[in-house]
Amino acid sequence: MIPSTKSEVGDVREHINHLFIELFQIDPAKLKEDQRLVEDLGLDSLDAVDLGLRFQKQFQINISPSDLIGIKTLGDVYLFVENKLQGVDGVPPTLGEPSRDLPSGPKEKESPSHGKRI
């Protein structure tokens, strides 16, 4: 199922909300995009793993443990699952936070004895 209309996106989000209610007994009124998973909804790392496994099974998407690291809010969860369903990899930047550029790799160092770059 690839969400392409507002109705389909709403269905995915509704399904995600249902999982949060079912798995973690979270009050439906708290399920808003800006709610932080740890601080506001009380989830921990084991809950994140459980969610990842449920998403893989229910939505038939592949999720690596590193994918879960960048997900901070319920809005991030929505975007992540929607992107995965559309075949887009990667974790979206957290809502309300600017995206950060990651360093491309280790910097070159000069050798103290020869002045050569290593």
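Cut-off values and rules
Residues numbered from 1 in each chain as written. Predicted model: local features only at pLDDT ≥ 70, side-chain atom pairs only at ≥ 80, totals over all residues. Heavy atoms only, no water. Phe/Tyr/Trp six-rings, centres within 6.5 Å; stacked < 30°, edge-to-face > 60°. Helix = DSSP H or I, 4+ residues; strand = E, 2+ residues; numbered from the N terminus. Buried < 20%, exposed > 50% of the residue type's maximum accessible area, 1.4 Å probe, protein only. Core = buried A, V, L, I, M, F, W, Y, C linked by side-chain atoms within 4.5 Å. Contact = heavy atoms within 4.5 Å. Expected span 1.5 Å × (residues − 1). pLDDT = per-residue confidence, 0-100.

(A) Quick look at the packing of aromatic side chains. On inspection of all chains with the given rule, the structure shows two aromatic pairs. Ring geometry for Phe20 against Phe24: centres 5.9 Å apart, planes inclined by 65°, an arrangement best described as edge-to-face. Placement of the pair is Phe20 and Phe24 together in helix α1 (residues 6–24), with a separation of four residues, close to one helical turn. Across this residue pair, the class does not change: Phe20 and Phe24 are buried. Seen in terms of ring centroids, Phe55 and Phe59 are 5.9 Å apart; in terms of plane orientation they differ by 50°. Their pairing is tilted. Remark: Phe59 and Phe55 occur in helix α2 (residues 45–59); sequence separation between them is four residues, near one turn of the helix.

(B) The nonpolar core, seen in detail. With 23 residues, the main nonpolar core has Ile16, Phe20, Leu43, Phe55, Phe59, Val77 and Val81 as its most contacted residues. Broken down by secondary-structure element, the contributors of at least two residues to this core are α1, α2 and α4 (74–85). Not counting residues up to four positions away in its chain, the partners in contact with Ile16 are Phe55, Phe59, Leu74, Val77, Tyr78 and Val81.

(C) Looking closely at α4. For α4, spanning 12 residues, the distance from its first C-alpha to its last is 17 Å, which sits close to the expected 16 Å at 1.5 Å a residue. With 10 of 12 residues buried, α4 is to be regarded as a mostly interior element. Listed as buried for α4 are Leu74, Gly75, Asp76, Val77, Tyr78, Phe80, Val81, Glu82, Lys84 and Leu85. Two residues or fewer after α4 comes Gly87, characterised by a positive phi angle close to 85°.

(D) Main features of the environment of Gln60. As for its placement among the helices and strands, Gln60 is situated in the loop between α2 and α3 (65–69). Of the residues examined, Gln60 reaches a relative accessible area of 73% and is grouped as exposed. In the structure, Gln60 is positioned 25 residues away from Leu85 in sequence and 8.4 Å away in space, judged by C-alpha atoms.

(E) Layout of the environment of Leu68. Turning to its location among the elements, Leu68 is positioned in helix α3. Remark: the alpha-carbon pair of Leu68 and Leu51, spanning 17 residues in sequence, is separated by 9.5 Å. If sequence neighbours within four positions are ignored, Leu68 has contacts with Ala48, Val49 and Ile63.

(F) Up close: the confidence of the model for the chain. Averaged over the chain, the pLDDT score is 77; the fraction of residues at 70 or greater is 67%. The element-level mean pLDDT for the chain is lowest in α3, coming to 82, with α4 highest at 93. Here residues 1–7 scores under 50 on pLDDT; set against residues more than four positions off or in separate chains, the count is 13 contacts. This stretch, residues 93–111, has a pLDDT under 50; its non-local contacts, to residues over four places away or in other chains, come to 21 contacts.

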